[in-house]
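# Close look at the chain arrangement
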Amino acid sequence: MTFDTAPAETAFPIPAGVFAETVTEVQHYTDRLLRFRITRPAAFRFRSGEFVMIGLPNAAKPVFRAYSIASPSWDEEVEFYSIKVPDGPLTEHLQKVKVGDTVLMRRKPTGTLVNDALLPGKRLWMFATGTGIAPFASIIRDPETYEKFDQLILCHTCREAGELTYGRELVASLKSDPLIGEMAENLTLYDTLTREDWPRIGRQTDLMASGKMFADLGVPPINPAEDRGMICGSMEMLRDTKAALEGFGLEEGANNRPATFVVEKAFVD
Ligand code: A2P
């Protein structure tokens, strides 16, 4: 048997039952954020919005962490958007990945931020802070989302402007995408900053409570007849956004019990 290229050398054996994939692209946004893409195994199937456990082949028992898949289910590669934590057990190493490196990925994706967990509706609201935008990067690239909802609103709140770049570049690129372009006219990005000057200032929860968000977007306040929500961020953000949506009369759903909003914790370390 011959190989076109020698198999990559790793100091540790690849654990049984996981995919070992190759990094194809890396982009750093700030000193805290990066995006990377890996090859996609033919056997890896997932629904847009799900997460999967990933790790690095750098130990006999590698550390795995849950990562939202940021690419849509039709994409031939798999994309992730990650925070870099200086002493994070996985991210301190993951932030150094280069094209050609190996990333380990468990076989079974899962998650609640999927179209199936929501009843049909008119508008889909996606609420994200920080890297919580990752599952929505998948969902807004999936034509199925545009078939199910007339309007998509992606709300993203960060501390500083550099943290909004990933979402802004993605939404801009979608508008000229051959597959999604025309449908993406129904997608609006509503991004806000809390610690730097920006056209929209403040936490999205506060902008909802004051009604400014609805006035800015020219839509009625959230109501259970028309609106559906997905939330992804820190524990505190999930708690406050969930309370806000419940205040508007929405109810939390799950894969086996679709309702009017769903919640998922963003990756933290
Ligand atoms: P703030 O700067 O007012 O704390 P973090 O990096 O801490 O996860 O925060 C990311 C973004 O989410 C920040 O803009 C932060 O605003 C905002 N944020 C933090 N906690 C909440 C919350 N409970 N509800 C809404 N937004 C929040």
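Presented here is a report on the structure given in the accompanying data block. (Residues numbered from 1 in each chain as written. Predicted model: local features only at pLDDT ≥ 70, side-chain atom pairs only at ≥ 80, totals over all residues. Heavy atoms only, no water.)

Turning next to the site of the ligand. Every residue near the ligand is listed here: Thr129, Thr157, Cys158, Arg159, Thr194, Arg195, Arg203, Thr205, Glu236, Met237 and Asp240. For the ligand, an oxygen atom lies 2.7 Å from a polar atom in the side chain of Thr194. In the model, a nitrogen atom of the ligand is placed 3.3 Å from a nitrogen or oxygen of the Glu236 main chain. If the ligand stood free it would expose 550 Å²; the protein chains cover 82% of that surface. Here the ligand is seated within the largest pocket. Mapped by element, the contributors of at least two residues to the shell around the ligand are strand E8 (151–158) and helix H7 (235–247). A per-class count over the shell around the ligand returns two nonpolar, four polar and five charged. (Near = heavy atom within 4 Å. Polar contact = N/O pair within 3.5 Å; in protein donor to acceptor, adjacent residues only side chain to side chain. Areas by Shrake-Rupley, 256 points an atom, 1.4 Å probe, with all protein chains shown as cover. 1 Å grid on protein atoms, 1.4 Å probe; cavity = no way out; pocket = protein on both sides within 12 Å on 5 of 7 lines; lining within 4 Å. Sits in = over half its atoms within 2 Å of the grid points. Helix = DSSP H or I, 4+ residues; strand = E, 2+ residues; numbered from the N terminus. Nonpolar A, V, L, I, M, F, W, Y, C, P; charged D, E, K, R; others polar.)

All right, on to the sheet that holds strand E9 (residues 187–193) then. Ordered by their spatial adjacency, five strands build an open sheet running E9-E8-E7-E10-E11, and the pairing between neighbours is parallel. Edge strands, defined here as strands with exactly one partner in the open sheet, are E9 and strand E11 (261–265). Geometrically, the sheet is characterised by an average inter-axis angle of 10° between neighbouring strands, direction not taken into account. Alignment of E8 against E9, held across seven bridges, turns out to be parallel. Within the sheet, the bridge partner assigned to His156 lies in E9 and is Asp191. (Pairing = 2+ DSSP bridges. Axes fitted to C-alpha atoms, helices over the stretch in contact; angles between N-to-C directions.)

The six strands lie next to each other as E4-E3-E6-E1-E2-E5, forming an open sheet whose pairing is antiparallel. Whereas interior strands pair on both sides, the edge strands pair on one side only; in this sheet they are strand E4 (65–68) and strand E5 (77–83). For this sheet, the mean inter-axis angle between neighbouring strands, taken without regard to orientation, is 40°. Sheet strands touched by helix H4 (residues 165–175): strand E1 (18–30), strand E2 (33–39) and E5. Its angle to E1, the strand with the most contacts, is close to 100°. (Contact = heavy atoms within 4.5 Å.)

With that settled, the discussion passes to the side chain of Ser68. Along the polypeptide, Ser68 turns up in strand E4. A relative accessible area of 13% means that Ser68 is categorised as buried. (Buried < 20%, exposed > 50% of the residue type's maximum accessible area, 1.4 Å probe, protein only.)

This part is about H7. When the terminal C-alpha atoms of H7 are compared, their 18 Å separation across 13 residues agrees well with the 18 Å that a helix rising 1.5 Å per residue should span. For H7, the full list of buried residues reads Met237, Leu238, Thr241 and Leu245. An end-on view of H7 places all buried positions within 95° of arc, on one side of the element. The exposed set on the far side of H7, more than 90 degrees from its buried face, consists of Arg239 and Gly247. Elements in contact with the buried residues of H7: strand E7 (123–129), helix H5 (204–210), strand E10 (227–233) and E11. Remark: Gly249 follows H7 within two positions and exhibits a positive phi of approximately 95°. (Expected span 1.5 Å × (residues − 1). Arc of directions from axis to C-beta.)

What follows is about the environment of Arg123. With respect to the helices and strands, Arg123 occurs in strand E7. The class for Arg123 is buried, based on a relative accessible area of 3%. Those residues in contact with Arg123 that sit more than four places away from it in its chain are Phe149, Gln151, Ile153, Val219, Pro220, Asn223, Glu226, Asp227 and Arg228. One polar contact links Arg123 to Asp227, side chain to side chain, over a distance of 2.7 Å.

Counted under the stated rule, the structure contains 20 salt bridges. A salt bridge links Arg37 to Asp75; the shortest N-O distance between them is 2.9 Å. Taken together, the residues span a long stretch of sequence, with Arg37 in strand E2 and Asp75 in the loop between E4 and E5 at a distance of 38 residues. Summarising the burial analysis for this pair, Arg37 and Asp75 share the class buried. In this structure, Glu50 and Arg47 form a salt bridge, with 3.3 Å as the shortest nitrogen-oxygen distance. Here the salt bridges share partners, and the residues they tie into one network are Glu25, Arg35, Arg37, Asp75, Glu77, Glu79 and Arg141. (Salt bridge = Lys/Arg side-chain N within 4 Å of Asp/Glu carboxyl O.)

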